[in-house]
Amino acid sequence: MDLSTLYLIFGDANQDRRAKAIKNILDGRRTVSNLYWGLEYGLLPYFGALHDFDLGDEQAAVDTLNKAGLATVSDGLLYRLSSRGVDQQKKLQASITPLNELATVAQYDIVRFSRRFIFAVQVVSEYSYSNNRYYPQTIGFFDDQLIKRWFIQNKQRNLSGYFHQLLQQFLSGLENDQLADIFAASLTGHGFSGLTEDQLAVQTDLEPTIIQLNWLKLYSRLFLRLKKDPETPLQLLLTGLIKPLMSGSAKQTFDLFVSARQPDPATIAQLRKIKLTTVYEHLIEAAIELPLDQFPYQRLLHEPTLTNLRQAAPVNVGEWQFKAAKAQITDLQFFEFRLFQISERKKGDND
Amino acid sequence: MIDLTAELHRYSGFDSFRPGQREVLENLFAGRDTLAILPTGGGKTLLYQLYGAITHQRVIIVSPLISLMQDQVSRLQYLGSKRVVAITSAMDFQERAAILRNLNHYQYIYVSPEMLSNRNIFEMIARQSIGLFVIDEAHCISEWGPDFRPDYLRLGKIRHQLENPLTLMMTATATQRTRDDILNRMGFTATDVKQLVLPTNRSNIFLSAKICANQPEKNEQLETLVKELNGAGIIYFSSKKQTEQIAAMLSQKTDKRVMAYHGGMDNQRRFLIQQQFMNGDIDIVCATSAFGMGIDKENVRYVIHYHLPDNIQSYVQEIGRCGRDQQPSLAILLYEPNDQYLQQNLIANTIPEEQLLRYFYQHPDQLQNNDAFRVIKYYYDIGKTVDQTLAIFDQAKSRRIGELNALIQYIYTTGCRRKLLLQHFDETAEHVDPEFCCDFHTDFWGNWRQFNQQYLKPSETDQGVQSTDWRQIIDKLFLLKN
């Protein structure tokens, strides 16, 4: 995907945004820092949504925007959209509306679902023509097996009729022929090869990245539709696609922290044989990912630190630097500082 | 006595064998280990597929082409076999473990020589009953072959440890020296093994080469050719980046439908481009040598080399992808003097330098689990001194430079190109038609447009334009039964 296009879509005219962090957020690189900036920029719902794509180099992407007068760039690869950039952003966003459907891609492995679906279409399409001499796709050993098993279990069920009807209803329901054509071009089967995003881009006069984002959006919609249908013969294709909210290790730490005995971070470090700083990182990750009322901030932010933080905090807590805070509250720990920022940000969102 | 023609029809739908196929199968059914040199497109896959299908026995195929192994699996599935799997280093641990646990479910098992050298994997394979042991691209066994792989040297021993199953060694091109070396390395004597060597010559492929002054002139020449040449074509490059650049250039400047293809692309994209090419939805593929294995397109009319391949053997293999339908086809090699330096650099990059070699000899622990340096590890493990290994590498480098020079000689030759190519394989061309041989006998470059009109027939099946309307697409995809 073209990173400069993504920077336009996910940039802002009123906030300098860290190009590196945005790339890492979309790629789903789970560090406390990336998660924090995801929260701060309102991009947490898209965390890891574009993990399966090659996103390219951030410096080159920011330079492209800068040269085209679409963004200003400051040290540390911070960028802010210009008014022309905002115009361009609106155009791009209009071609992938509504953007928030991409959040489904962060919750479920939609790319994997799309590969399974496209492969299933190929198998059913060839079967409907009674053709067994064709090159099957390969989507990884386990999913190849899954499709095989699914097909054996379901091939008596008039699958070609089912797929035809499903796609007929789904695509006409889009009420947008261009989007429906874009979706159909992702398929492949008997006598029809499908198109790559750049071939489709030439035909539709859209950018390849916009085509790919539209595919993700449409497959998300199809996935959610199928998930609601207990009768679909595609049940097996929907399994094992949930993306965990937290990393496994962070979840273990958090579960221990809120367990009946309520151990403190030092005890958890001992129990889990991990560093204390790692325990803190896990807890920050949990605080970022969970709603405000599901994280016990009061067990970690004590008085008088909390009052001191409230008194010293600037209006824009998100941009507050730890160094500045530490100058005012000398015994402040980074962990407390970050947790305070997270809770304030979440309170703001709830208001 | 098995009726091989009937079995061929039963399992593949074909009515007759391609040259050499029947003889190879007869040898295998007579229990004779066989070395088969069959040209590209000669139907090597079908040999072991059919043997497995008829005997219901397990077939192990050792193949060096890790990145293409999945294509081979697809190809075998395409030919009708379903219980096929590949074990490669490209798989993650869980995938590999799952396959090894269920190995007995598979009839055709592809494995790279590196994987077979892994103790655990070897033991799992050794537990299976093996009906046929196939060594694909067998020229890799030979240090005289262009693609020497040290793990291939262990195959002789491995075969012995597998209790000497019936063995089929195959390659598209091998000189006499390479053939002798293959047998020797596998622990065979010449009398143990039935050898079947089919002529390398493909008389329906016209050979030509053009020396351009520089790259812009070469691009111009390519553009002119592509604009007018009839039918489907493949253009080969040694750089992934340039497949994309030139594909973009040709798409822009000609009305041909051109796509790039290389091993750095994801599976789905590679799959789509192969499908489109086979269905005739695109005219030309700009590709690295990764392209070819997964396609079964009979009517490719021309192959153009924009860059030099490694050597004459590779060149012959690659041009062999045109004219599988036996219709007149064209091979063009475009060359500009800087091309040889590009190729020399590629050769230099694949052979470790002295400094690196000495470093590893001082720190042998770093050779463990490092696939990039398996060749060094091989010589270190068999007790070669650093100077001996260095001498081997120098020799390998000189040999590859020598092979490259032979190819350049082919370009600059003022004689018959076919004669020169065939000499390389100790063959002579019989019944050469001077009207349709190479640009030595006729003024091809003065009359190539006429040649194009006369010989290169546009395909009738390759002119369909795919619908872009979603309703038509889903109607086409699913044949509904009333």
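Residues numbered from 1 in each chain as written. Chains lettered and ligands numbered in written order. Predicted model: local features only at pLDDT ≥ 70, side-chain atom pairs only at ≥ 80, totals over all residues. Heavy atoms only, no water.

Going by the annotation in an unreviewed UniProt entry, the name recorded for chain B is ATP-dependent DNA helicase RecQ, with Lentilactobacillus rapi given as the source organism.

Under an unreviewed UniProt entry, chain A has the name Helicase Helix-turn-helix domain-containing protein and belongs to Lentilactobacillus rapi DSM 19907 = JCM 15042.

Q: Is there a simple way to think about the nonpolar core in this case?
A: Most often, soluble globular proteins keep nonpolar side chains buried together rather than apart. Phe117, Trp150 and Phe163 of chain A are the most contacted members of the largest nonpolar core, which has 130 residues in total. Those residues in contact with Phe163 of chain A that lie beyond four places of it in its chain are Phe117, Ala120, Val121, Val124, Trp150 and Leu234 of chain A together with Phe478 of chain B. Leu153, Met249, Ile304 and Leu330 of chain B belong to the second-largest nonpolar core, a separate cluster that totals 84 residues. (Core = buried A, V, L, I, M, F, W, Y, C linked by side-chain atoms within 4.5 Å. Buried < 20%, exposed > 50% of the residue type's maximum accessible area, 1.4 Å probe, protein only. Contact = heavy atoms within 4.5 Å.)

Q: Explanation requested: the domain arrangement of chain A in the structure shown.
A: How big an interface is tends to be reported as the loss of accessible area on association of its parts. Domain assignment breaks chain A into domain 1 (3–94), domain 2 (110–238) and domain 3 (248–350). When each unit is reduced to the centre of its C-alpha atoms, the spacing between domain 2 of chain A and domain 3 of chain A is 44 Å. (Domains from an automatic or database assignment.)

Q: Explain helix 2 (residues 21–29) of chain B here, please?
A: Because each turn of an α-helix spans 3.6 residues, side chains separated by three or four positions in sequence point in the same direction. All names here are of chain B. Looking at helix 2, one finds that the buried residues are Gln21, Val24, Leu25, Asn27 and Leu28. End-on, the buried residues of helix 2 take up no more than an arc of 160 degrees, which puts them together on one face. On the buried face of helix 2, the contacting elements are helix 1 (4–12), strand 1 (34–37), helix 3 (44–55), strand 5 (132–135), strand 6 (167–171) and strand 7 (194–197). One or two residues past the end of helix 2 sits Gly31, with phi positive at roughly 75 degrees. (Helix = DSSP H or I, 4+ residues; strand = E, 2+ residues; numbered from the N terminus. Arc of directions from axis to C-beta.)

Q: Looking at this structure, how should I read the packing of aromatic side chains?
A: Given two aromatic rings, their pairing is described by the distance between the two centres and the angle made by the two planes. Residues and elements named next belong to chain A. According to the stated counting rule, one finds 46 aromatic pairs over all chains in the structure shown. Consider the rings of Phe141 and Phe142, whose centres lie 5.4 Å apart with planes at 70 degrees: the pair is edge-to-face. Above the plane of the ring of Trp37 lies Arg18, whose end atom (NZ or CZ) is 3.7 Å from the centre. (Phe/Tyr/Trp six-rings, centres within 6.5 Å; stacked < 30°, edge-to-face > 60°. Lys NZ or Arg CZ within 6 Å of the ring centre and 35° of its normal.)

Q: I tried to follow the packing of helix 11 (residues 215–228) of chain B against helix 12 (residues 240–253) of chain B on my own but got confused; where do I start?
A: Geometry of a packed helix pair, given as the angle between the helix axes and the separation of the axes. Residues and elements named next belong to chain B. Between helix 11 and helix 12, the shortest axis-to-axis distance is 11 Å and the interhelical angle comes to 55 degrees. What the angle tells us is that helix 11 and helix 12 run oblique. For helix 11 against helix 12, the interelement crossing comes out right-handed. Counting all contacts with helix 11, which are made through Gln215, Asn219, Leu222, Glu223, Val226 and Lys227, the residues of helix 12 involved are Gln242, Ile246, Met249, Leu250 and Lys253. A class-by-class count of the residues in the contact of helix 11 with helix 12 yields 5 nonpolar, 3 polar and 3 charged. (Axes fitted to C-alpha atoms, helices over the stretch in contact; angles between N-to-C directions. Parallel < 35°, antiparallel > 145°, perpendicular 65-115°, else oblique. Left-handed = near helix turned anticlockwise from the far one by under 90°. Nonpolar A, V, L, I, M, F, W, Y, C, P; charged D, E, K, R; others polar.)

Q: Explain the sheet that holds strand 8 (residues 205–211) of chain B to me, please; I cannot follow it from the model alone.
A: Backbone hydrogen bonds are what pair the strands of a sheet, in a parallel or an antiparallel way. All names here are of chain B. The 6 strands are arranged 8-13-12-9-11-10 in an open sheet whose pairing can be described as parallel. This sheet does not close on itself; its edge strands, each paired only once, are strand 8 and strand 10 (258–261). On average, each strand axis in the sheet is tilted by 20 degrees relative to the strand beside it, whichever way the strands run. As judged from the 5 bridges shared by strand 9 (residues 232–236) and strand 12 (residues 300–305), these two strands associate in the parallel manner. Bridge pairing in strand 12 places Ala232 opposite Val300. Of the strands in this sheet, strand 8 and strand 13 (329–335) are in contact with helix 20 (residues 444–455), which crosses strand 8 at around 135 degrees. (Pairing = 2+ DSSP bridges.)

Q: Got a minute to help me understand the interface of chain B and chain A in this structure?
A: With 46 residues of chain B at the interface, the matching set in chain A holds 45 residues. Around 4100 Å² of area is buried between chain B and chain A when both sides are counted, 57% of it from carbon and sulfur atoms. Run the count over chain B and chain A and you get 3 salt bridges. Between Asp198 of chain A and Arg269 of chain B there is a salt bridge, with the nearest N and O atoms lying 2.7 Å from each other. Where chain B touches chain A, the interface holds 16 residue pairs in polar contact (both at pLDDT 80 or more). When residues of the side of chain B that touches chain A are traced back to their parent elements, those giving at least two are helix 4 (69–78), helix 5 (93–101), helix 13 (267–279) and helix 21 (470–477) of chain B. The element that contributes the greatest number of residues to the side of chain B that touches chain A is helix 13 of chain B, accounting for 10 residues. Of the residues belonging to the side of chain B that touches chain A, the class tally is 21 nonpolar, 14 polar and 11 charged. (Buried area = accessible area lost by both parts, 1.4 Å probe. Salt bridge = Lys/Arg side-chain N within 4 Å of Asp/Glu carboxyl O. Polar contact = N/O pair within 3.5 Å; in protein donor to acceptor, adjacent residues only side chain to side chain.)

Q: Would you explain the pattern of salt bridges in this entry?
A: Pairing of side chains with opposite charge becomes possible as their charged atoms draw close. In this structure the tally under the stated criterion is 32 salt bridges over all chains. Residues Asp143 of chain A and Arg116 of chain A are paired through a salt bridge, measuring 3.2 Å at the closest nitrogen-oxygen approach. One end of the pair, Asp143 of chain A, is in helix 8 (residues 141–154); the other, Arg116 of chain A, is in helix 7 (residues 110–128), and 27 residues separate them in sequence. For Asp143 of chain A, a relative accessible area of 5% translates into the label buried. In this structure, Asp325 of chain B engages Arg301 of chain B in a salt bridge whose closest nitrogen and oxygen atoms are separated by 2.8 Å.

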